[in-house]
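# Structural characterization, general
In case you want the letters, here they are:
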Amino acid sequence: MTRVITYGTYDVLHIGHLNLLKRAKALGDYLIVGVTSDDYDLSRGKINNTQSLMERIKGVRETGLADEIIVEEYEGQKIDDIKRRGIDIFTVGSDWTGKFDYLSEYCKVVYLPRTEGISSSQIRSDNKHVRIGVVGHSAYGSKFVNEAKLVNGVEIVGFWSNTQVILGQHRRATDADHEQEDPVIYDTYDELLAASDAIYVTSMPENHYKNSLDALKAGKHVLCESPGAYTRSEYQELRRIALENNLILMDGIKTAYSTAYERLVLLAQSGKIGDIVSVDSVCTSLSSGIYSKDIDLSVTWNSMCAWGVTALLPVFQLMGTDYIDKRIYSSFLNKEFNMDIFTKVDFIFDKGIASIRVGKGAKSEGNLVVTGTKGYIYVAAPWWKTDYFEVRYEDQEKNERFFYQLSGEGIRYMIASFVKSIDLGRNLSYITADESEAIVGVIEDFNARRNMIEFGQSI
Ligand code: CTP
């Protein structure tokens, strides 16, 4: 009996898959189909499968061609499967020609002709087409545009900015038609809104509320860099309008979408380190330019908005949003522009304490430590874009390390989640509305100098 094995994602099963499975089956007597797990796909950069693993397995089963279906979960599994399952032939489509020659050491390798003109990516793009307009300036915006290219079904229509910041080498909307590839610059927000289904807001934080409000009122979905507003009441208003109009409103904190961070939160919540007693997060990036007399502070994010929102994420996700009290300690470079060099915020919760330290005008070790009654989680700097973390115990022999693939700092996963939310009409954000609002609340108090002690040389 000739045993054949083939692997694939088999998302939204199509005629190309069916042809491949028929040809694979014809190569022998017994066909094993390996369907990739969601995690494995994520680790190899396939980020926006439409169907779950179970749905994809169901699709393959319904073809009636597979004698056995297995799940492919890790790099290197193919060798293991071939050896342990007594495989004679390994086969895949010709788009992989040459890539699996190394398996010929273990069995025969056959590349079958690929069916032209169809793919899961194509079907996903055709099914959902979301046009996103970007509000704000280039640094974040450009990264976002590059990452969006990797998400099926997303088109970046262009930029608009209410500041005078140079937007990079993009064409103006009036210079070109919208079919061309590069995003263009729009002269007015109304024009950008008219051309978009959804808006990504990465303007200066004081404009987030107004930019998001205008977008929601125009019936557009919103992905906004945190803080989503400057006051809790403004944020509540945005949320209400989004809910009333079935629009998606999501916070754009990319760290929430990094796999290692997400798994860390789940692990901590599962009791792996016992009860959580303290969360301590530090985020700094010394931007010495802020000390220069030439810098325009009116278009520069301060430490609390640039870093505070990310540092607050694990605090609220692990301790909850109902803190009993907090104290803010800040050193300002320039109070007129609200530019803090370094800020520390201490929280007291019912079940524990937390603290964040953030700075653009000072440098520190950017790690995250979650202290528990049985052990602690340690994430080395820069924790906000990490691909691994450690769970440590008193008995060091029990320590464990967890590694996860991180692509695009989490941005592409965030965009995929935003687009899927729009598609399903259900908010799939990794950050709850309560968490977003709690972050806004801290920024509101910071701006009002509430519960604040200032230190250092403020002017
Ligand atoms: N396949 C094929 N012809 C197609 C599409 C896929 O023969 N038009 C084959 C692939 O070569 C592979 C198997 O089907 O052996 C599963 O491929 P998969 O990656 O799941 O399908 P794609 O449509 O290529 O998916 P994507 O667009 O997400 O890469």
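As shown above, the structure is provided for reference.
Keep in mind the model is a prediction, meaning the values are calculated, not measured. (Residues numbered from 1 in each chain as written. Predicted model: local features only at pLDDT ≥ 70, side-chain atom pairs only at ≥ 80, totals over all residues. Heavy atoms only, no water.)

Further remarks concern the site of the ligand. Neighbouring residues of the ligand: 19 residues in total, closest Asp95, Thr115, Ile118, Ser120 and Ser121. Contacts to the ligand include Ser120, whose backbone N or O atom sits 2.7 Å from an oxygen atom. Counting residues per element, the ones that place at least two in the shell around the ligand are α1 (15-26), β4 (89-93) and α5 (120-127). The residue makeup of the shell around the ligand, split by class, is 5 nonpolar, 10 polar and 4 charged. (Near = heavy atom within 4 Å. Polar contact = N/O pair within 3.5 Å; in protein donor to acceptor, adjacent residues only side chain to side chain. Helix = DSSP H or I, 4+ residues; strand = E, 2+ residues; numbered from the N terminus. Nonpolar A, V, L, I, M, F, W, Y, C, P; charged D, E, K, R; others polar.)

Turning to the pattern of salt bridges, a few remarks are in order. Where charged atoms from two side chains of opposite charge come close, those side chains can pair. Counted under the stated rule, the structure contains 27 salt bridges. Taking the shortest distance from any N to any O, the salt bridge between Arg392 and Glu390 comes out at 3.0 Å. Here the salt bridges do not stand alone but share partners, grouping Asp38, Asp41, Arg44 and Arg56 into one network. (Salt bridge = Lys/Arg side-chain N within 4 Å of Asp/Glu carboxyl O.)

What follows deals with the sheet that holds strand β21 (residues 452-454). Strands sit in the order β20-β19-β18-β17-β13-β16-β15-β14-β21 across an open sheet of 9 strands; the sheet is mixed. A single partner strand is all that each edge strand has here, and the edge strands are β20 (400-403) and β21. Averaged over all adjacent pairs, the angle separating strand axes in this sheet is 15°, with direction ignored. Judged from the 5 bridges that link them, strand β13 (residues 276-284) and strand β17 (residues 368-372) form a sheet pairing that is antiparallel. Pairing of Ser281 across the sheet is with Leu368, part of β17. On top of the sheet, helix α11 (residues 303-319) reaches β13, β15 (339-348), β16 (353-359) and β17; it is set at about 160° to β16, its chief contact. Across the sheet, helix α13 (residues 433-447) touches β14 (325-334), β15 and β21, and the angle it forms with β14 is around 55°. (Pairing = 2+ DSSP bridges. Axes fitted to C-alpha atoms, helices over the stretch in contact; angles between N-to-C directions. Contact = heavy atoms within 4.5 Å.)

Okay, the state of the cysteines next. This model, assessed by the stated rule, comprises 0 disulfides. Sulfur of Cys283: no disulfide; nearest cysteine sulfur belongs to Cys305 and is 14 Å away. (Disulfide = S-S within 2.5 Å.)

In this fold, Phe418 is placed in helix α12 (residues 411-424). On the basis of relative accessibility, which here comes to 0%, the residue Phe418 falls in the buried class. (Buried < 20%, exposed > 50% of the residue type's maximum accessible area, 1.4 Å probe, protein only.)

Our focus in this paragraph is the nonpolar core. In this structure, Ile132, Phe144, Val279, Phe316, Phe347, Ile377 and Phe389 are the most contacted members of the largest nonpolar core, which totals 78 residues. Not counting the four nearest positions on each side in its chain, Phe347 is found in contact with Leu312, Val315, Phe316, Tyr323, Asp325, Lys326, Ile353, Ala354 and Val442. Formed by 26 residues, the second largest nonpolar core is a distinct cluster that contains Tyr186, Ile199, Ala229 and Tyr235. (Core = buried A, V, L, I, M, F, W, Y, C linked by side-chain atoms within 4.5 Å.)

This part is about the environment of Glu206. Residue placement: Glu206 occurs in helix α8 (residues 205-217). The exposure class of Glu206 is partly exposed, given its relative accessible area of 42%. Apart from residues no more than four positions distant in its own chain, Glu206 is found in contact with Tyr230 and Ser298.

Bringing the sheet that holds strand β5 (residues 108-112) into the picture now. Read from one edge of the open sheet, 5 strands run β3-β2-β1-β4-β5, paired in parallel fashion. Single-partner strands in this sheet number two, and they are β3 (68-72) and β5. Between one strand axis and the next, the sheet turns by 25° as a mean value, whatever way the strands run. As paired strands, strand β2 (residues 30-36) and β3 are joined by 5 bridges and run parallel to one another. The residue of β3 that forms the bridge with Ile32 is Glu68.

With that settled, consider unusual backbone geometry. For the peptide bond that leads from Ser226 to Pro227, omega is 0°, which places it in the cis range. Here Pro227 shows up in the loop between β11 (221-224) and α9 (232-244). Of the consecutive residues Ala381 and Pro382, the connecting peptide bond is found in the cis state with omega at -10°. Take Pro382: it is sitting in the loop between β18 (376-379) and β19 (388-392). Of note in this structure, Val12 is not a glycine but carries a positive phi near 35°.

This part is about the packing of helix α10 (residues 259-269) against α11. Between two packed helices, what matters for the description is the angle formed by their axes and the separation of those axes. Put simply, α10 and α11 touch, their axes get as near as 10 Å, and they point 30° apart. Judged by the inter-axis angle, α10 sits roughly parallel to α11. In the crossing of α10 with α11, the sense of the turn from one axis to the other is right-handed. For the pair α10 and α11, contact is made by Tyr261, Val265, Ala268 and Gln269 and by Leu313, Pro314, Gln317 and Leu318, respectively. The class makeup of the residues in the contact of α10 with α11 is 6 nonpolar, 2 polar and no charged. (Parallel < 35°, antiparallel > 145°, perpendicular 65-115°, else oblique. Left-handed = near helix turned anticlockwise from the far one by under 90°.)

Bringing the environment of Arg44 into the picture now. Of note, Arg44 is situated in the loop between α2 (38-43) and α3 (53-62). Residue Arg44 is classed as partly exposed on the basis of its relative accessible area of 35%. The spatial distance from the C-alpha of Arg44 to the C-alpha of Leu264 is 20 Å, given a sequence separation of 220 residues. Those residues in contact with Arg44 that lie beyond four places of it in its chain are Thr9, Thr36 and Trp96.

To continue, consider a nonpolar patch on the surface. On the surface, Ile324, Ile348 and Ile353 cluster together to form a nonpolar patch covering roughly 280 Å² of accessible area. As for its position among the elements, Ile353 is in strand β16. (Patch = residues over 30% accessible without salt bridge, like charges linked within 9 Å, V, L, I, M, F, W, Y side chains within 5 Å. Areas by Shrake-Rupley, 256 points an atom, 1.4 Å probe, with all protein chains shown as cover.)

This part is about the pairing of strand β1 (residues 3-8). Here β1 lies mainly inside the structure; 5 of its 6 residues are buried. Pairing analysis gives 6 bridges linking β1 to β2, with the strands arranged parallel. Bridging across to β2, Arg3 finds its partner in Tyr30. For the segment spanning β1, α1 and β2, crossover handedness is right-handed. Two elements, β1 and β4, share 3 bridges in a ladder whose sense is parallel. Note that in β4 the partner of Thr6 across the bridge is Thr91. (Right-handed = clockwise from strand over helix to strand, strands pointing away.)

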